[in-house]
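# A closer look at the structure
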Amino acid sequence: MKPDHEKQLEQAIGEKLRALPELSAPREIALRVMSTLATRAALPWYRRSWQTWSPAAKAVSLSLLLASFSGLSFVGWKVSEADTLTKLLPQIGDWLETLNVIWNTVQVLAGAALLALRKLSPNFFIVCALIGALTYAACIGVGTVLFRQSKKI
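Residues numbered from 1 in each chain as written. Predicted model: local features only at pLDDT ≥ 70, side-chain atom pairs only at ≥ 80, totals over all residues. Heavy atoms only, no water.

## A closer look at the overall build of the protein
A count of helical and extended segments in the protein gives five helices and zero strands. Secondary structure elements of the protein, listed N to C terminal, follow the sequence α-α-α-α-α. Compactness check: the protein gives a C-alpha radius of gyration of 35 Å against a globular reference of 15 Å for 153 residues, more than 25% above the reference. In terms of overall dimensions, the protein has a C-alpha envelope of 80 × 65 × 60 Å along the principal axes. When each of the 153 residues of the protein is scored for burial, the buried share is 3%. Of the charged side chains in the protein, 17 are positive and 10 negative, and the gap between their average positions amounts to 15 Å. (Helix = DSSP H or I, 4+ residues; strand = E, 2+ residues; numbered from the N terminus. Rg over C-alpha atoms; globule rule 2.2 N^0.38 Å. Buried < 20%, exposed > 50% of the residue type's maximum accessible area, 1.4 Å probe, protein only. Lys, Arg positive; Asp, Glu negative; His and termini not counted. Charge placed at Lys NZ, Arg CZ, Asp CG, Glu CD.)

## A short note on the confidence of the model for the protein
Chain-level statistics for the protein give a pLDDT mean of 88 and a share of 95% at 70 or above. Ranking the helices and strands of the protein by mean pLDDT puts helix H5 (residues 122–152) first, with 92, and helix H4 (residues 82–119) last, with 87. (pLDDT = per-residue confidence, 0-100.)

## Structural notes on the packing of aromatic side chains
On inspection of all chains with the given rule, the structure shows four aromatic pairs. Of note, Lys58 hangs over the ring of Trp50, and the distance from its end group to the ring centre comes to 5.5 Å. (Phe/Tyr/Trp six-rings, centres within 6.5 Å; stacked < 30°, edge-to-face > 60°. Lys NZ or Arg CZ within 6 Å of the ring centre and 35° of its normal.)

## What to know about the side chain of Ser61
Looking at where Ser61 falls in the secondary structure, it is placed in helix H3 (residues 55–80). For Ser61, a relative accessible area of 15% corresponds to the buried category. A distance of 2.9 Å separates the side chain of Ser61 from the side chain of Trp50, its partner in a polar contact. (Polar contact = N/O pair within 3.5 Å; in protein donor to acceptor, adjacent residues only side chain to side chain.)

## A word on a nonpolar patch on the surface
Taken together, the side chains of Leu89, Ile92, Trp95, Leu96, Leu99, Ile102, Trp103 and Val106 make up a nonpolar region of the molecular surface, amounting to roughly 860 Å² of accessible area. Relative to the helices and strands, Leu96 resides in helix H4. Judged by relative accessible area, Leu96 falls into the exposed class, the value being 53%. (Patch = residues over 30% accessible without salt bridge, like charges linked within 9 Å, V, L, I, M, F, W, Y side chains within 5 Å. Areas by Shrake-Rupley, 256 points an atom, 1.4 Å probe, with all protein chains shown as cover. Salt bridge = Lys/Arg side-chain N within 4 Å of Asp/Glu carboxyl O.)

## Focus on the environment of Glu28
Note on placement: Glu28 falls in helix H2 (residues 27–41). Here the alpha-carbon distance between Glu28 and Gly141, two residues 113 residues apart in the chain, equals 42 Å.

Structure follows, in structure tokens:
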């Protein structure tokens, strides 16, 4: 396209768009939006976004956050010291040993389950699936009957 033609097309489209009337939202949507805004405005200060809090509440919350961060930093610093770390190492070793025992137990049980599943025939799984499906259908049926009976009372 030629540059002049593009500018003329742009101007023609702009004029057509400016000539269109203003669009308004459907009544139901406008009412829903206005009710949502009203309920948000009625919320207590602590349920609103932090930017809408009063300056005093912002200052208090910010100071509490800074104090808790400072406390966590101090505790982290104290834990990292050698004396505290040497006291904690035996406890951490005990925790890790317990986790190691649990992990080994899970591995042994999973291996036994896999070995048992390999030795079973495919017919066993088909029968189990059929029993499960029939049990599910029976539960749905009994639940439906009980629900209908409760509606009659």
